Amino acid sequence: MVKPPVLEIAGLEKRFGDTVVLKNINLKVREGELVFVIGPSGSGKSTMLRCCNRLEEPTSGAILVEDAKITDIARRDLDKMRMKVGMVFQGFHLYPHMSVLRNVMLAQIKALKRPKDEAETRARDMLERVGLSEKADAMPSDLSGGQQQRVAIARALALDPKVMLFDEPTSALDPELVGSVLKVMKDLRREGMTMLVVSHEMAFAREAADRVIFMDGGLVVEHGSPEQIFGDPQTDRLKAFLSRVSQGAE
Amino acid sequence: MQDFIELFFNLDIMAQTLPLLLKGFWVTLQLCAVVIGLGLAGGLALAVAALSPSRWLRWSAIGFIDFFRALPPLVLLVFVFSGLPFAGLELSPFMAVVVAFLLNNSAYYAEVFRAGLRSVPGGQAEAARATGLSPTQTLASVVLPQAVRNVLPDLLSNTVEVVKLTSLASVVSLSELLYAANMARSVTYNSSPLVLAALIYLALLWPLVRLISRYQRGLAAH
Ligand SMILES: Nc1ncnc2c1ncn2[C@@H]1O[C@H](COP(=O)(O)OP(=O)(O)O)[C@@H](O)[C@H]1O
Ligand SMILES: [Mg+2]
């Protein structure tokens, strides 16, 4: 039985002025699926993710989260929708003036209007889920990059999102810290979270992705299982990209 | 030497005029509370407008800030107090000072806030918006606290300037500290009340100035 899509991107196009950055992107991420996005820098991966919660306004096309058509929501009603779409950035963006616990509580209280004690319980649960219970009272600057990124994941999870978007979550990390973040992402996948992940961690993609999308020049160039994409690339562009990545050039 | 002390540090005269000066000081404090509060609020609003994506709003705010930063505050005050009545708008000395200072202070505070807001990385607001915070919540909980922390010495320095500038109010006969001291001088034919006023200003501002320079040393050490 095919599960319904949690996130659907249909005919998405994005222009900045005269530059076309995304052209006719179509993609469904089904419940519990992890879809992996690869592609050279500048191919439009971040822009695609940012269109999914309208941090960037799509020029045309539709984004659906479950049954809600994100692209039809009035700007002032966007905030409720954004909680349903968790987002994790390359640069973590934890709030440096708040403790780890406050970081995870803030949007629960302000946006979700949860009572404080409930928000705190939830925050502590999420910190435990990413393995950082004992850091609740630390300040972000006291944490390693890997720990900060896991707090950022907890911050998004605390809002009960339907889908999580990851934009190169490990690219800013020292190599020895990458594993701890990937482990949290694998746990999430096992627990059934729906995820759309932009990353260069090919080994992770082979192991954890249901499907892989290769983007180049604002287009989805190839789309298939990890075995197909990595084992049997069809286009020259993907072949060239994979060989560049394996030489560590991307 | 005896004359000098007699003229400038006459303790009897100081004691005698102290109640009058304290009354003036109380007016100065009230004036400070009002003009600093309004200046901070107006400055923040202007700074947000000056960083707005709307070109119209941005240019209006920047025009306002530039104009009132370039206009000497004394000219502005005299205009508001003595110039506006010709247009049928008569303000009490206190209100005239409040209006003139709101215009002048907002412009200065706006420059400080603007620098502060720009010093906060864009990713902060983006992360907040991505978790469903409204623009106002994002500003209040995430961006502004970091902005203020980054420009705290400038905010404090500006506030010291504002306190000093409130003595301009004596020009429109508002009986604040300097006005009271000058009254006392003309009645007693002695300059000691002016010295006393200066000492009161010093007592008020010196701790603030100390704090600022300690803070700036602290930042430099980082
Ligand atoms: N705000 C913007 N204004 C103009 N061009 C942009 C903006 N954001 C991204 N772009 C351009 O869009 C293209 C795709 O960028 P991006 O989505 O960041 O690619 P990727 O994440 O795959 O590296 C790039 O050419 C980039 O320069
Ligand atoms: Mg990117």
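What counts as what
Residues numbered from 1 in each chain as written. Chains lettered and ligands numbered in written order. Predicted model: local features only at pLDDT ≥ 70, side-chain atom pairs only at ≥ 80, totals over all residues. Heavy atoms only, no water. UniProt positions renumbered as here; feature names shortened; annotations may be inferred. Helix = DSSP H or I, 4+ residues; strand = E, 2+ residues; numbered from the N terminus. Rg over C-alpha atoms; globule rule 2.2 N^0.38 Å. Buried < 20%, exposed > 50% of the residue type's maximum accessible area, 1.4 Å probe, protein only. Contact = heavy atoms within 4.5 Å. Areas by Shrake-Rupley, 256 points an atom, 1.4 Å probe, with all protein chains shown as cover. Lys, Arg positive; Asp, Glu negative; His and termini not counted. Charge placed at Lys NZ, Arg CZ, Asp CG, Glu CD. Core = buried A, V, L, I, M, F, W, Y, C linked by side-chain atoms within 4.5 Å. Near = heavy atom within 4 Å. Polar contact = N/O pair within 3.5 Å; in protein donor to acceptor, adjacent residues only side chain to side chain. 1 Å grid on protein atoms, 1.4 Å probe; cavity = no way out; pocket = protein on both sides within 12 Å on 5 of 7 lines; lining within 4 Å. Points joined across faces, edges and corners; volume = space filled by probe spheres on them. Nonpolar A, V, L, I, M, F, W, Y, C, P; charged D, E, K, R; others polar. Patch = residues over 30% accessible without salt bridge, like charges linked within 9 Å, V, L, I, M, F, W, Y side chains within 5 Å. Salt bridge = Lys/Arg side-chain N within 4 Å of Asp/Glu carboxyl O.

You'll find chain B entered in an unreviewed UniProt entry as Amino acid ABC transporter membrane protein 2, PAAT family, with Tranquillimonas rosea given as the organism. The Sequence similarities (unreviewed entry) field of the UniProt record for chain B holds the comment "Belongs to the binding-protein-dependent transport system permease family. HisMQ subfamily." Note on chain B: under the UniProt heading Function (unreviewed entry), the record states "Part of the binding-protein-dependent transport system for glutamine; probably responsible for the translocation of the substrate across the membrane."

An unreviewed UniProt entry annotates chain A as Amino acid ABC transporter ATP-binding protein, PAAT family originating from Tranquillimonas rosea. In its Sequence similarities (unreviewed entry) section, UniProt records this for chain A: "Belongs to the ABC transporter superfamily."

S.K.: Just give me the short version of the overall build of chain A, but keep the residues and values in it.
M.R.: Regarding its fold elements, chain A presents 9 helices and 10 strands. A globule of 250 residues ought to have a C-alpha radius of gyration of about 18 Å, and chain A, at 18 Å, matches this closely. Counting every position in chain A, which comprises 250 residues, the buried fraction comes to 53%. Once local pairs closer than 6 in sequence are excluded, the contacts in chain A between residues at least 24 apart make up 66%. When the accessible area of chain A is evaluated, it comes to approximately 10900 Å², of which 46% is carbon and sulfur surface. Once the 36 positive and 36 negative side-chain charges of chain A are each reduced to a mean point, those two points are 4 Å apart.

S.K.: Residues and numbers for the nonpolar core, please.
M.R.: One finds Leu7(A), Met48(A), Leu165(A) and Leu196(A) to be the most contacted residues of the largest nonpolar core, which totals 86 residues. The leading source of residues in this core is helix α5 (residues 93-118) of chain B, at 11 residues. One finds Val100(A), Met105(A), Leu127(A) and Met185(A) within the second-largest nonpolar core, a separate group that totals 51 residues.

S.K.: Go over the UniProt feature "transmembrane region" (unreviewed entry) in chain B, please, and point to the residues and values.
M.R.: Mapped onto the present numbering, the UniProt feature "transmembrane region" (unreviewed entry) falls on residues 24-51, 63-85, 91-110 and 193-212 of chain B. Along residues 63-85 of chain B one finds 83% helix and 0% strand; the C-alpha atoms at either end are 26 Å apart.

S.K.: Any details on the site of ligand 1? Residues and values, ideally.
M.R.: Residues and elements named next belong to chain A. Phe16, Val21, Pro40, Ser41, Gly42, Ser43, Gly44, Lys45, Ser46 and Thr47 make up every residue found near ligand 1. Note that an oxygen atom of ligand 1 is positioned 3.2 Å from one of the backbone N or O atoms of Ser43. Between ligand 1 and the protein, one listed contact pairs an oxygen atom with a side-chain N or O atom of Ser46 at 2.7 Å. About the coverage of ligand 1: the protein hides 56% of its 560 Å² of free accessible area.

S.K.: How would you sum up empty space enclosed by the protein? Please name residues and give values.
M.R.: Residues and elements named next belong to chain A. Applying the stated criterion to the full structure yields 2 cavities of 30 Å³ or more. Considered as a void within the structure, the largest cavity measures approximately 40 Å³ in volume. When residues in the lining of the largest cavity are grouped by element, the largest group, 3 residues, is from helix α5 (residues 145-157). Its residues assigned to classes, the lining of the largest cavity shows 5 nonpolar, 1 polar and 1 charged. The calculated volume of the second largest cavity comes to roughly 30 Å³.

S.K.: Tell me about the UniProt feature "domain: ABC transporter" (unreviewed entry) in chain A, residues and numbers included.
M.R.: Mapped onto the present numbering, the UniProt feature "domain: ABC transporter" (unreviewed entry) falls on residues 7-242 of chain A. The distance from the first to the last C-alpha atom of residues 7-242 of chain A is 27 Å, and the span holds 38% helix and 26% strand.

S.K.: I'd like a rundown of a nonpolar patch on the surface, residues and numbers included.
M.R.: Judged by side-chain polarity, Met1(B), Phe4(B), Ile5(B), Leu7(B), Phe8(B) and Phe9(B) come together as a nonpolar surface patch covering roughly 590 Å² of accessible area. Of note, Ile5(B) is situated in helix α1 (residues 2-8).

S.K.: Run through the side chain of Thr194(A), naming residues and quoting values.
M.R.: Looking at the element boundaries, Thr194(A) is found in strand β8 (residues 194-198). Not counting residues within four places of it along the chain, the set of residues in contact with Thr194(A) comprises Val6(A), Val29(A), Arg30(A), Glu31(A), Gly32(A), Glu33(A), Lys162(A), Val163(A) and Met164(A).

S.K.: Account for the environment of Val78(B), naming residues and giving values.
M.R.: Residue and element names in this part refer to chain B. When you line up the elements, Val78 lands in helix α4 (residues 73-83). Accessibility expressed as a relative area gives 35% for Val78, which makes it partly exposed. Measuring from C-alpha to C-alpha, the distance between Val78 and Leu11 comes to 35 Å, with 67 residues separating the pair along the chain. Those residues in contact with Val78, other than ones at most four positions away along the chain, are Gly83 and Val171.

S.K.: Give me the lowdown on the layout of surface pockets, citing residues and values where you can.
M.R.: Residue and element names in this part refer to chain B. Looking at the largest pocket, its volume works out to about 770 Å³. The wall of the largest pocket is formed by 22 residues, among which Leu51, Ala125, Arg129, Pro135 and Thr138 lie closest to the centre. Sorting the residues of the lining of the largest pocket by element identifies α6 (122-130) and α7 (135-150) as the ones contributing at least two each. Split into classes, the residues belonging to the lining of the largest pocket amount to 11 nonpolar, 4 polar and 7 charged.

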